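Structural overview
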Amino acid sequence: MSILKITGGRSLSGSLRVQGAKNSALPLLASSVLTEGLSVFRNCPRLTDVEATVRILRHVGCRVYEEGDVLYVDASGPILPEVPDEMMRQMRSSVIFLGALLSRCGEACLSLPGGCELGPRPVDLHVMALRALGAEITEAGGRLCCRCPRLKGGHIALPTPSVGATENAMLAAVRAEGSTVITGAAREPEILDLQDHLRACGALVAGAGSGVIRIRGTKKLRGGEKRIMPDRIAAATYLAACAAAGGRVRLYDACPRDMDPVLQALRRMGCRIETGENLIVLERRGTLRSPGPIITRPHPGFPTDAQPPLMAASLKAEGTTVMIETIFESRYRHVPALQSMGADIRTAGKTAVIRGVEKLHGASVRASDLRGGAALAVAALSAEGETLLGGMEHVLRGYEDMAGALTALGGEARLLEDGIVRGKDPRPGYGRDAEDG
Ligand code: EPZ
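Being a predicted model, the structure only gives us computed values, none of them experimental. (Residues numbered from 1 in each chain as written. Predicted model: local features only at pLDDT ≥ 70, side-chain atom pairs only at ≥ 80, totals over all residues. Heavy atoms only, no water.)

If charged atoms from side chains of opposite charge come close, those side chains can pair. All chains considered together, the criterion is met by 24 salt bridges. Where Arg143 meets Asp85, a salt bridge forms, and the shortest distance between an N and an O atom there is 2.4 Å. On the criterion of sequence distance, the pair formed by Arg143 in strand E9 (residues 143-147) and Asp85 in helix H3 (residues 85-90) is long-range, its members being 58 residues apart. Overall, the relative accessible area of 30% leaves Asp85 in the partly exposed class. (Salt bridge = Lys/Arg side-chain N within 4 Å of Asp/Glu carboxyl O. Helix = DSSP H or I, 4+ residues; strand = E, 2+ residues; numbered from the N terminus. Buried < 20%, exposed > 50% of the residue type's maximum accessible area, 1.4 Å probe, protein only.)

Attention now goes to unusual backbone geometry. Residue Pro300 follows His299 across a cis peptide bond; omega there is 15°. With respect to the helices and strands, Pro300 occurs in the loop between strand E18 (294-295) and helix H10 (307-314). We note that Asp401 has phi near 45°; this positive angle belongs to a residue other than glycine. Residue position: Asp401 is located in the loop between helix H13 (392-395) and helix H14 (402-408).

Secondary-structure assignment places Ser382 in the loop between helix H12 (370-381) and strand E23 (385-390). For Ser382, the contacting residues outside a window of four places in its chain are Ala244, Ala245, Lys316 and Leu360. (Contact = heavy atoms within 4.5 Å.)

Viewed as axis vectors pointing N to C, helix H4 (residues 97-105) and helix H6 (residues 163-173) meet at an angle of 10°, and their least axial separation amounts to 7 Å. By the criterion of interaxial angle, the relationship of H4 to H6 is roughly parallel. On the side of H4, the interface is formed by Phe97, Leu98, Gly99, Ala100 and Ser103, while H6 contributes Asn168, Leu171 and Ala172. Tallied by class, the residues present in the contact of H4 with H6 amount to five nonpolar, three polar and no charged. (Axes fitted to C-alpha atoms, helices over the stretch in contact; angles between N-to-C directions. Parallel < 35°, antiparallel > 145°, perpendicular 65-115°, else oblique. Nonpolar A, V, L, I, M, F, W, Y, C, P; charged D, E, K, R; others polar.)

On to the site of the ligand, then. Among the 22 residues in the neighbourhood of the ligand, the closest are listed as Asp124, Leu125, Ser162, Asp305 and Ile327. Between the ligand and Lys22 there is a distance of 3.0 Å, counted from an oxygen atom to a side-chain nitrogen or oxygen. Pro122 is positioned such that a nitrogen or oxygen atom in its backbone is 3.3 Å from an oxygen atom of the ligand. Coverage of the ligand by the protein chains reaches 82% of its 820 Å² of free accessible surface. Residue assignment for the shell around the ligand shows that the elements contributing at least two residues are helix H1 (22-31), helix H5 (124-131), H6 and H12. For the shell around the ligand, the per-class residue count stands at nine nonpolar, six polar and seven charged. Here the shell around the ligand spans two domains, since at least three of its residues come from each of domain 1 (2-19 + 230-422) and domain 2 (22-227). (Near = heavy atom within 4 Å. Polar contact = N/O pair within 3.5 Å; in protein donor to acceptor, adjacent residues only side chain to side chain. Areas by Shrake-Rupley, 256 points an atom, 1.4 Å probe, with all protein chains shown as cover. Domains from an automatic or database assignment.)

Attention now moves to the sheet that holds E9. Here four strands make up an open sheet; going across it, the order is E6-E7-E9-E8 and the pairing mixed. Edge strands, defined here as strands with exactly one partner in the open sheet, are strand E6 (82-83) and strand E8 (136-140). Note that strand E7 (residues 107-111) and E9 share five bridges and pair antiparallel. Residue pairing in the sheet places Ala108 in a bridge with Cys146 of E9. (Pairing = 2+ DSSP bridges.)

Within the open sheet, the four strands sit side by side as E10-E11-E13-E12. Their pairing is mixed. In the strand order of this sheet, the two ends are held by strand E10 (155-157) and strand E12 (204-206), each with one partner. Put simply, the sheet's adjacent strands are angled 10° from each other on average, direction ignored. Note: E12 against strand E13 (residues 212-216), three bridges, orientation antiparallel. Within E13, the residue paired with Ala206 across the bridge is Arg214. Contacts from helix H7 (residues 189-200) reach E12 and E13 within the one sheet, and its direction differs from that of E12 by about 155°.

This paragraph deals with the pairing of E8. Strand direction decides the pairing type here: E8 and E9, joined by five bridges, are antiparallel. In the sheet register, Glu139 faces E9, and the bridge partner there is Leu144. Counting the residues that bridge the hairpin from E8 to E9 gives two residues, and of these Gly141 lies at a positive phi of roughly 55°.

What follows covers the nonpolar core. Grouped together as the largest cluster of nonpolar side chains are 76 residues, with contacts concentrated most on Leu4, Tyr238 and Leu266. Considering each element in turn, this core owes the most residues, 12 residues, to helix H8 (residues 232-245). For Leu4, the contacting residues outside a window of four places in its chain are Thr387, Leu388, Leu389, Met392, Met402, Ala403, Leu406, Ala413, Arg414 and Leu415. By size, the runner-up hydrophobic cluster in this structure holds 73 residues, among which are Ala21, Val83, Leu144 and Val174. (Core = buried A, V, L, I, M, F, W, Y, C linked by side-chain atoms within 4.5 Å.)

Take the domain arrangement of the chain next. Domain annotation of the chain identifies domain 1 (2-19 + 230-422) and domain 2 (22-227). Each of domain 1 and domain 2 has a C-alpha centre, and these two points are 30 Å apart. Between domain 1 and domain 2, the contact holds 25 residues from the first and 20 residues from the second. The contact between domain 1 and domain 2 buries some 1900 Å² in all, and 47% of this surface belongs to carbon and sulfur atoms. Across the contact surface, domain 1 and domain 2 share three salt bridges. Arg227 serves as the salt-bridge partner of Asp253, at 3.4 Å between the closest nitrogen and oxygen. Viewed at the interface, domain 2 and domain 1 are joined by nine residue pairs in polar contact (both at pLDDT 80 or more). (Buried area = accessible area lost by both parts, 1.4 Å probe.)

The next subject is the environment of Cys109. Inspection of the secondary structure assignment puts Cys109 in strand E7. Along the chain, Cys109 and Leu144 lie 35 residues apart, while their C-alpha atoms are 5.6 Å from each other. Setting aside anything within four residues of it in sequence, one finds Cys109 in contact with Pro81, Glu82, Val83, Arg143, Leu144 and Cys145.

Turning our eyes to something else, we now look at the packing of H8 against helix H9 (residues 260-268). Contact pair H8 / H9: the axes reach a minimum separation of 11 Å and the direction vectors enclose 0°. Taken together, the axes of H8 and H9 are roughly parallel relative to one another. Residue-level contacts link Ala236, Leu239, Ala240 and Ala243 of H8 to Val262, Leu263 and Leu266 of H9. The residue inventory of the contact of H8 with H9, partitioned by class, reads seven nonpolar, no polar and no charged.

Printed below as a string of structure tokens:
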């Protein structure tokens, strides 16, 4: 268990390299199961969700080697078509293995990803997509078992642009017999990243980002090489931190073209933003204003994952901010903790109304989900005094070394584990008992 100790009340100033995208790394790593060779993934973020995915890859029979931020995945050996319950419980997005395992092995069995802190996580669209390619799917005792010796191409019409279902459909279709069209597909940048990699592996796929994805199945796929795209949500989080605390931050290895709705909201708040090819500079010196209404939508709309950090940045903004969360049912679980820091927020169903306050104060709070935890860290930076943020195991799923990142941006943050303070310069032997020497 770990706690992030943040001392707020000072403006930020610093530079940070944006980590590789968690929501691209996971499907990319799952895709390596489809190949009969070695895949290389560069710019891989150091996250517990990536570690969980690597454990699954190794369990099904891949050999995975790590060298800095590079992961080498060799899937040339025999592959096991099932993911054990305890691995599925660790990370609900492991359902992304369904399409790849079914395509490689002709069968796949994994437990249903239970409801999580964001509300129920149905997989009906994943099931519909795989059935459209000829899979027989049964559900018993909370496990989903799929069989189909050879998937056949078909038309997959997604009624809602589910990111995971789109990715599962792509992974199942690229080695199916014949052609597949996915309509109503998600258009997130991570889908484009997956398409790029699948092409590098020899797949015939086009249309990612347009909502209509066309695939012509190929019998085999070779290993490919991919540099994982920057994490637009991590970038949004650190920009929100600077909007909240004030100051000037520079994010490099960023991808501003994937972040338009977030950058527009921050500009409406009074932030000055300059962008380059892979650079975002945000400065907020004067008044912080409400961004106005924020409604989360599938890409290219305002991303649901950026809603909690932007809510935190709005807490001391002049005016009233209305947020409507249209993607997940319970994505306001961070609100009570923000209220304990002095925020004025009222929620009703999908709507949250934030009235700007003069001051926030530090508190002992606990993250209950990944982006909610990030919101608490953003609020802590603009609060007077010290905040102890527990439940960091949620945050470390998606943010690489958040303490180090906030420190690089000029914040005061330290990760406390078992009462040991791990900072930038642990002293030799630090944290061990004296007699250890
Ligand atoms: C991906 O989740 C991301 N996770 C989420 O990020 C992100 O919030 C979400 O897409 C939306 O952008 C990863 O990529 C690992 P969905 P996913 O399927 O694929 C409903 C984070 O914080 N739905 O697009 O699970 C679902 O209930 C995480 O990094 C069905 O009804 O999201 C939700 O209301 C959180 N049936 C909506 O679609 C299904 O079969 C969007 O879900 C699947 C989804």
